[in-house]
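Chain by chain, the residues:
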Amino acid sequence: MKILVVDDEADVQPLFLQRFRKEIRNHELEFDFALSGEDALAYLKKKHSEVVLILSDINMPGMSGIDLLSRIRHDYDGPPPPVVMMITAYGDEENHRQAMENGANDFLTKPLDFNLLKEKLKPLIA
């Protein structure tokens, strides 16, 4: 299963690769990374049919995660549409409301609980 992680913090990539090394080694999961919403859209333009899950930060310079989510839901509505989980350091109600109104499948807060994320991924991998 291919996962696109969108986050403007470059240190997110080694963290995901380390936390999911067993799943990557077993070819259960494959990760690609984008450092902005714009990069994510460029990536999706070429490989949207491969991506099953998008994990996107909400607060990024330039295009926000909410704007990216709206574009994904408009441009790549399937079938099947990608699962999109939004991630934010700010677990406030307004970000949550906007994410859900724009079609997010789930909402996670930073620091990311990788055990919780792995649980949420299980039904998608099967």
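Below is a summary of the structure that appears in this document. (Residues numbered from 1 in each chain as written. Predicted model: local features only at pLDDT ≥ 70, side-chain atom pairs only at ≥ 80, totals over all residues. Heavy atoms only, no water.)

Once that is clear, we can look at the pairing of strand 5 (residues 106-109). Note: strand 4 (residues 83-88) against strand 5, 4 bridges, orientation parallel. If you follow Thr88 over to strand 5, its bridge partner there is Thr109. Between strand 4 and its parallel partner strand 5, the chain crosses via helix 5 (residues 93-101), and the hand of that crossover is right-handed. (Pairing = 2+ DSSP bridges. Helix = DSSP H or I, 4+ residues; strand = E, 2+ residues; numbered from the N terminus. Right-handed = clockwise from strand over helix to strand, strands pointing away.)

Packing of helix 3 (residues 37-47) against helix 4 (residues 65-75) brings their axes to within 9 Å, and their N-to-C directions diverge by 20°. Accordingly, the angle class assigned to the pair helix 3 and helix 4 is roughly parallel. Note that helix 3 runs across helix 4; the crossing there is right-handed. Residues Gly37, Ala40, Leu41 and Leu44 of helix 3 form the contact with helix 4, whose participating residues are Leu68, Arg71 and Ile72. Across the contact of helix 3 with helix 4, the residue classes break down as 5 nonpolar, 1 polar and 1 charged. (Axes fitted to C-alpha atoms, helices over the stretch in contact; angles between N-to-C directions. Parallel < 35°, antiparallel > 145°, perpendicular 65-115°, else oblique. Left-handed = near helix turned anticlockwise from the far one by under 90°. Contact = heavy atoms within 4.5 Å. Nonpolar A, V, L, I, M, F, W, Y, C, P; charged D, E, K, R; others polar.)

This brings us to the pattern of salt bridges. Tallied over the entire structure, the rule returns 12 salt bridges. Between Glu50 and Lys2 there is a salt bridge whose closest N-O contact spans 2.9 Å. Placement of the pair is Glu50 in the loop between helix 3 and strand 3 (51-57) and Lys2 in strand 1 (residues 2-6), with a sequence separation of 48 residues. Between Lys120 and Asp106 there is a salt bridge whose closest N-O contact spans 2.7 Å. With a gap of 14 residues between them, Lys120 in helix 6 (residues 114-125) and Asp106 in strand 5 connect regions that are remote in the sequence. One salt-bridge network, held together by shared partners, links Lys2, Glu30, Asp32 and Glu50. (Salt bridge = Lys/Arg side-chain N within 4 Å of Asp/Glu carboxyl O.)

A few words now on the sheet that holds strand 1. A sheet is described by the order of its strands in space; here 5 strands give the open sequence 2-1-3-4-5, paired in parallel fashion. Strands with a single pairing partner mark the edges of an open sheet, and in this sheet they are strand 2 (30-34) and strand 5. Strand-to-strand twist in this sheet, taken as the mean axis angle between neighbours without regard to direction, amounts to 20°. Direction of pairing for strand 3 relative to strand 4: parallel, over a ladder of 5 bridges. Directly across from Leu53, in strand 4, lies its bridge partner Val83. Packed on one face of the sheet, helix 1 (residues 12-19) meets strand 1, strand 2 and strand 3 and runs near 170° to strand 2.

As a further point, take unusual backbone geometry. Of note, the amide linkage connecting Lys110 to Pro111 takes the cis form, showing an omega dihedral of -5°. Assignment of secondary structure puts Pro111 in the loop between strand 5 and helix 6. Positive phi, normally seen in glycine, also occurs at His27, with a value near 60°. Structurally, the position occupied by His27 is in the loop between helix 2 (21-25) and strand 2.

Spatial relationships are all this shows, so hold off on functional conclusions.
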